[in-house]
Amino acid sequence: MFTDEYFMKMAYQEAEAAFERDEVPIGCIIVSNNRVIAKSHNLTEALNDVTAHAEMQAITSAANYLGGKYLQNCTLYVTLEPCVMCAGALTWSQISKVVIGARDEHRGYINKGLSLHPKTEVEIGVLEQQCSQIVKDFFKSKR
C-alpha cells in the first residue's frame with residue numbers, strides 16, 4: 001500500500017522541477033485509487049499567468065482526465081499550503097482529501113480564516129521540513 005510520504009515525494013519532485021525552472025518551488029500531484037492522475041508545479045513565470053499555480057494546473061488536468069469537474073475520491077498532495085485562490089478551487093472541486101507538506105504562514109488559506117469543502121479531509125506536515133526548506137532556499141537565492 002502506498003503512503004502519504006510516498007506520494008508527497010512525487011509532489012516534491014515537481015517542486016524541484018519548478019526550482020530548476022526558476023519558478024517558486026511548489027509541486028503537487030492528484031491521486032485517485034492509488035494512481036497519479038495529475039501532476040504539476042508552479043508555472044506562473046513560464047506562462048506569465050498569476051493563476052498558474054501548481055494546484056490550479058493539477059485540478060484542471062485531473063478534471064480533464066476524469067471527464068468531470070468534481071474530484072471526489074481524489075487526494076491532492078501539495079508541498080506548500082494552498083493560497084486563497086487555490087483553496088477556493090479545491091473547495092469547488094469537492095476534492096476528498098488534501099495533504100500539505102508545509103504551512104505557508106503568510107499566504108496560506110488557513111491563517112486567512114478559510115477552510116475547504118466540509119467533506120474534505122486535510123492533513124498537514126507530511127515531509128514538512130523538506131517541503132519548507134526548498135522554498136526557503138529558493139527565496140534565499142533571490143536576495
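Residues numbered from 1 in each chain as written. Predicted model: local features only at pLDDT ≥ 70, side-chain atom pairs only at ≥ 80, totals over all residues. Heavy atoms only, no water.

Enquirer: So what exactly am I meant to see when it comes to the pattern of salt bridges here?
Expert: When the charged atoms of two side chains with opposite charge come close together, those side chains can pair. Following the criterion strictly, the structure yields six salt bridges and no others. Across the pair D4 and K97 runs a salt bridge, and its minimum N-O distance is 3.5 Å. On the criterion of sequence distance, the pair formed by D4 in helix α1 (residues 4-20) and K97 in strand β4 (residues 97-102) is long-range, its members being 93 residues apart. Owing to a relative accessible area of 16%, D4 belongs among the buried residues under this scheme. Taking the shortest distance from any N to any O, the salt bridge between K97 and E121 comes out at 3.9 Å. Highlighted residues: K97 in strand β4 and E121 in strand β5 (residues 121-124), separated in sequence by 24 residues. Through salt bridges with shared partners, a single ionic network connects D4, K97, E121 and E123. (Salt bridge = Lys/Arg side-chain N within 4 Å of Asp/Glu carboxyl O. Helix = DSSP H or I, 4+ residues; strand = E, 2+ residues; numbered from the N terminus. Buried < 20%, exposed > 50% of the residue type's maximum accessible area, 1.4 Å probe, protein only.)

Enquirer: Mind showing me how you'd approach the nonpolar core here?
Expert: Side chains of a nonpolar character, in soluble globular proteins, are inclined to be buried together. Formed by 36 residues in total, the largest nonpolar core has its most connected members in I30, L76 and Y77. Elements with a contribution of two residues or more to this core: α1, β1 (27-32), β2 (35-41), α3 (54-66), β3 (74-80), α4 (84-93), β4 and α5 (128-142). (Core = buried A, V, L, I, M, F, W, Y, C linked by side-chain atoms within 4.5 Å.)

Enquirer: In this structure, what is going on with the UniProt feature "binding site: Zn(2+)" (unreviewed entry) in the protein chain? I would like to understand it.
Expert: Listed under "binding site: Zn(2+)" (unreviewed entry) in the UniProt record, and renumbered for this structure, are H53, C83 and C86. Sequence-wise these annotated residues cover 34 residues; spatially they are packed, their C-alpha atoms never more than 9.2 Å apart. When only the residues just named are considered, the largest pocket is lined by H53, C83 and C86. Its relative accessible area of 16% is what places C83 among the buried residues. Setting aside residues up to four positions removed in sequence, C83 forms contacts with H53, R107, G108 and Y109. Along the chain, C86 falls in helix α4. Those residues in contact with C86, other than ones at most four positions away along the chain, are H53, E55 and M56. (UniProt positions renumbered as here; feature names shortened; annotations may be inferred. 1 Å grid on protein atoms, 1.4 Å probe; cavity = no way out; pocket = protein on both sides within 12 Å on 5 of 7 lines; lining within 4 Å. Contact = heavy atoms within 4.5 Å.)

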